[in-house]
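A look at the structure
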Amino acid sequence: MDRQQNRSLKKIKRIKETALELFSVHGFDKVSMDEIAESAQVSKVTIYKYFGSKDDLYAEVINLWIDDTLSAAEDVLNSERDFLDKLKFMLTLQTESSALVGFDTLYQVWEDDDAIRNVQDRVKKLMQAFYDEGQQKGYIHDHVTFDTLFIYAEIFRAGIKATFLDHNLPIEKQTLDALYDAFFFGIIRQDHNPA
């Protein structure tokens, strides 16, 4: 790779990271391309050169966020932390992301066939690892198979979409937090006795 390509890649990375930070704090609609350019110390023309539009930049930022989020989840699941701590981390990760990525945006990205297949595979592997550990340590009901858990996750996702997105209804953070609590802790045995 020559020096020019290297500089371009660094600029692209800086623009995406800056946009991610700004979108996370202020939301997509409240951040201008001028603000991104100023914070990233590049011209607005440079941003348009690499990304074409604010929507294209946002799509790239979402992909960056998804990759960072999945990497963080993989690190935690591969750590020595207690299973319930891992579960709480996953809950926190889900709820904290709502400022940057609303369900509507996530579903638009999720429906992009080719781009999302790798993400879906990573998510399924994470779920499998999480499930296996929960079963091994006695946290998940014996009669709940991984296929059941996966179907449960798909029903949850489809239910959110049908209830809120298809009817253009906003999802309040409190409601989302409660839904995640019910989703995750609904699979935990009340009579848990760690193995």
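Residues numbered from 1 in each chain as written. Predicted model: local features only at pLDDT ≥ 70, side-chain atom pairs only at ≥ 80, totals over all residues. Heavy atoms only, no water.

Some thoughts on the overall build of the chain
Within the chain, the secondary structure is distributed over nine helices and zero strands. Put simply, the chain runs from its N terminus to its C terminus through helices and strands in the order α-α-α-α-α-α-α-α-α. Looking at the 195 residues of the chain, the share that counts as buried comes to 37%. Restricting the contact set of the chain to residue pairs at least 6 apart, pairs at least 24 apart contribute 68%. For the chain, the computed accessible surface area is about 11,900 Å², with 50% contributed by carbon and sulfur atoms. (Helix = DSSP H or I, 4+ residues; strand = E, 2+ residues; numbered from the N terminus. Buried < 20%, exposed > 50% of the residue type's maximum accessible area, 1.4 Å probe, protein only. Contact = heavy atoms within 4.5 Å. Areas by Shrake-Rupley, 256 points an atom, 1.4 Å probe, with all protein chains shown as cover.)

Side note on the side chain of lysine 54
Inspection of the secondary structure assignment puts lysine 54 in helix α4 (residues 54-77). A polar contact is formed between the side chain of lysine 54 and the backbone oxygen of phenylalanine 28, at a distance of 2.8 Å. Among the polar contacts listed, one links the side chain of lysine 54 to the backbone oxygen of valine 31, at a separation of 2.4 Å. Residues within four places of lysine 54 in sequence aside, it is in contact with Phe23, Phe28, Asp29, Val31, Met33 and Tyr48. (Polar contact = N/O pair within 3.5 Å; in protein donor to acceptor, adjacent residues only side chain to side chain.)

What to know about the packing of aromatic side chains
On inspection of all chains with the given rule, the structure shows seven aromatic pairs. Between the aromatic rings of phenylalanine 83 and phenylalanine 130, the centroid separation amounts to 4.6 Å while the plane-to-plane angle is 25°, which identifies the pairing as stacked. Of the two residues, phenylalanine 83 is situated in helix α5 (residues 83-96) and phenylalanine 130 in helix α7 (residues 113-136); the sequence distance between them amounts to 47 residues. For phenylalanine 130, a relative accessible area of 7% corresponds to the buried category. (Phe/Tyr/Trp six-rings, centres within 6.5 Å; stacked < 30°, edge-to-face > 60°.)

Topic: the nonpolar core
Ranked by size, the top nonpolar core spans 45 residues in total, and within it Ile15, Phe23, Ile36, Ile47, Leu57 and Phe184 carry the most contacts. Tallying contributions element by element places α4 first for this core, with nine residues. (Core = buried A, V, L, I, M, F, W, Y, C linked by side-chain atoms within 4.5 Å.)

Let's talk about unusual backbone geometry
In this structure, glutamine 41 takes a positive phi of about 60° despite not being glycine. With respect to the helices and strands, the residue glutamine 41 is situated in the loop between α2 (33-40) and α3 (44-51). For glutamine 41, a relative accessible area of 66% puts it in the exposed group.

Any link to function would need more than the numbers given here.
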